[in-house]
Amino acid sequence: MTETEAASDLRRAGGVLAAEAARYASFGWMRGTTGNLSVVLDRDPLRLAVTASGLDKGELTASDVVLVDGEGAALGPGTPSAEAGLHARVARVTGADAVVHVHTVASVALGHRQPGGIVFKDLEMLKILGHPAEDEEITLPVISNSQDMRVLGDRLEAARDPRMPAVVVAGHGLYTWGPDPRKARHHTEVVEWLLELELAGR
């Protein structure tokens with residue numbers, strides 16, 4: 001791939017991530033400059049486009065992304081999210097091609113209240129995550145936070161359930177993933193709905 005083609009791919013990914021970020025910001029899930037998104041550009045070696053650090057997620061443009069390697073280190077201009085390393089780890093461990101991180105009230109509150117994991121059962125919305133609406137329990141893992149992305153990645157890898165494309169980081173927020181940005185969005189919206197229902201005292 002030429003440099004021009006690589007730059008075009010990065011900008012195209014930036015446009016997708018900017019649109020997704022604007023959607024989440026409109027829900028109040030990426031207040032201020034919080035939250036971050038990524039999409040995998042290459043697998044061998046692993047390369048991701050990650051939203052740039054310190055920007056209002058409701059105002060991103062196609063240029064507001066940074067190319068990072070499989071450890072989350074920048075490969076070009078710009079400063080990626082401080083959590084780029086965790087995005088890369090999630091992509092590597094789960095095989096997902098898109099990762100979403102939002103700071104929602106429900107995820108933070110329930111992460112504190114139910115540190116052992118949040119159990120869902122007998123809800124129609126579970127079908128969007130590939131589970132029957134009856135008779136099957138599915139647990140959303142909760143892990144403790146760390147400012148060290150390697151430590152946080154180890155916790156996520158140890159706790160994750162392959163049946164649930166999401167993890168709550170206590171005191172921090174929600175990480176979700178999927179095979180593409182749209183599917184990751186669906187997972188994010190459904191898991192957040194489940195969390196809001198639980199918070200409301202289902």
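Structural data are supplied above this passage.
Thresholds applied
- Residues numbered from 1 in each chain as written.
- Predicted model: local features only at pLDDT ≥ 70, side-chain atom pairs only at ≥ 80, totals over all residues.
- Heavy atoms only, no water.
- Phe/Tyr/Trp six-rings, centres within 6.5 Å; stacked < 30°, edge-to-face > 60°.
- Buried < 20%, exposed > 50% of the residue type's maximum accessible area, 1.4 Å probe, protein only.
- Patch = residues over 30% accessible without salt bridge, like charges linked within 9 Å, V, L, I, M, F, W, Y side chains within 5 Å.
- Areas by Shrake-Rupley, 256 points an atom, 1.4 Å probe, with all protein chains shown as cover.
- Salt bridge = Lys/Arg side-chain N within 4 Å of Asp/Glu carboxyl O.
- Lys, Arg positive; Asp, Glu negative; His and termini not counted.
- Charge placed at Lys NZ, Arg CZ, Asp CG, Glu CD.
- Helix = DSSP H or I, 4+ residues; strand = E, 2+ residues; numbered from the N terminus.
- 1 Å grid on protein atoms, 1.4 Å probe; cavity = no way out; pocket = protein on both sides within 12 Å on 5 of 7 lines; lining within 4 Å.
- Points joined across faces, edges and corners; volume = space filled by probe spheres on them.
- Nonpolar A, V, L, I, M, F, W, Y, C, P; charged D, E, K, R; others polar.
- Axes fitted to C-alpha atoms, helices over the stretch in contact; angles between N-to-C directions.
- Parallel < 35°, antiparallel > 145°, perpendicular 65-115°, else oblique.
- Left-handed = near helix turned anticlockwise from the far one by under 90°.
- Contact = heavy atoms within 4.5 Å.
- Pairing = 2+ DSSP bridges.
- Right-handed = clockwise from strand over helix to strand, strands pointing away.

Chemist: Go over the packing of aromatic side chains, please, and point to the residues and values.
Modeler: Inspection of the entire model under this criterion finds two aromatic pairs. Each ring, one from Y24 and one from W29, has its centre 6.1 Å from the other, and the planes form 20°; the classification is stacked. Here Y24 falls in the buried class, since its relative accessible area comes to 0%. On the accessibility criterion, W29 (10% relative accessible area) is buried. Through a chain of ring-to-ring contacts, three or more aromatic side chains come together here, namely Y24, F27 and W29.

Chemist: Tell me about a negative patch on the surface, and please be specific about residues and values.
Modeler: Where like charges cluster on the molecular surface, the negative patch consists of D122, E134, D135 and E137. Its location among the elements puts E134 in the loop between β5 (118-120) and β6 (138-140). E134 sits in the exposed class, given a relative accessible area of 57%.

Chemist: For empty space enclosed by the protein, give the residues involved together with the corresponding values.
Modeler: One pass over the full model with this rule turns up one cavity of 30 Å³ or more. Breaking the lining of the largest cavity down by element, the ones donating at least two residues are α1 (3-26), β1 (36-43), β4 (98-102) and α5 (181-199). Classifying every residue of the lining of the largest cavity gives seven nonpolar, one polar and two charged.

Chemist: If you had to explain the packing of α1 against α5 to someone new, which residues and values would you point to?
Modeler: Geometrically, a packed helix pair is captured by the angle between its two axes and the distance between the axes. Between α1 and α5, whose axes approach to 11 Å, the crossing angle comes to 15°. When the axis of α1 is compared with that of α5, the two are roughly parallel. Note on packing geometry: the crossing formed by α1 with α5 is right-handed. Where α1 approaches α5, its residues V16, E20, R23 and Y24 are matched on the opposing element by P181, A184, R185, T188 and E189. Along the lines of polarity and charge, the residues of the contact of α1 with α5 split into four nonpolar, one polar and four charged.

Chemist: Quick one: what's the story with the pairing of strand β8 (residues 166-169), residue by residue and with numbers?
Modeler: Of the two faces of β8, the one holding A166 and V168 and the one holding V167 and V169 are both buried throughout. Pairing geometry for strand β7 (residues 142-143) and β8, over two bridges, is parallel. In the strand pairing of β8, I143 is matched with V169. Crossover connection from β7 via helix α4 (residues 149-159) to parallel β8: handedness right-handed. What sits between β8 and strand β9 (residues 173-178) in their antiparallel hairpin is a turn of three residues, with G171 showing a positive phi close to 75°.

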